[in-house]
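In case you want the letters, here they are:
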Amino acid sequence: QQYQKQFCDGTIRNQFFLDNVLKYSGVMTSQEVLRQRREEQQSSLTEWATEDQMSKIDSVLKSVARDWSREGREERSVVYDRLVGALTRHMPLTE
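This structure is a prediction, so every number in the text was calculated from the model and none was measured.

A. Local environment of helix α4 (residues 73-90). In this model α4 runs 24 Å from its N-terminal to its C-terminal C-alpha over 18 residues, within 8% of the 26 Å that 1.5 Å per residue would give. Of all the bends in α4, the largest measures some 50 degrees and sits at Y80.

B. Region of interest: the side chain of T29. Topologically, T29 is positioned in the loop between α1 (2-24) and α2 (30-43). Of the residues examined, T29 reaches a relative accessible area of 11% and is grouped as buried. Filtering out sequence-adjacent residues up to four positions away, T29 remains in contact with D19, L22 and K23.

C. Structural context of the pattern of salt bridges. For the coordinates displayed, the defined rule picks out four salt bridges. Ionic pairing is found between D9 and K5, a salt bridge with its closest N-O pair at 3.1 Å. Here D9 and its partner K5 are both found in helix α1, four residues apart, which amounts to about one turn of the helix. A relative accessible area of 30% places D9 in the partly exposed class.

Cut-offs used in this document
- Residues numbered from 1 in each chain as written.
- Predicted model: local features only at pLDDT ≥ 70, side-chain atom pairs only at ≥ 80, totals over all residues.
- Heavy atoms only, no water.
- Helix = DSSP H or I, 4+ residues; strand = E, 2+ residues; numbered from the N terminus.
- Expected span 1.5 Å × (residues − 1).
- Bend = angle between axes of the 7 residues up to and from the residue.
- Buried < 20%, exposed > 50% of the residue type's maximum accessible area, 1.4 Å probe, protein only.
- Contact = heavy atoms within 4.5 Å.
- Salt bridge = Lys/Arg side-chain N within 4 Å of Asp/Glu carboxyl O.

If you want it as structure tokens, here you go:
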């Protein structure tokens, strides 16, 4: 149960981080996209994802799982440590 809570908290913090990156980039955040989709669904039929979109999503999820697994720790450190350090310096998280 403790692990579940930590997992949930981590998921929320990751989404917060990603939404801040999107917002800083001038792109709609996940909440804005959801709000827009709800408004569109009220006026039209639901659209399903294409095979191409599903393939891209599958690829991204596999990359995320590989990059953030125990096995990917060394590679992740080489690739992401500088990026995470720069983000932490320029956009520190405050409670």
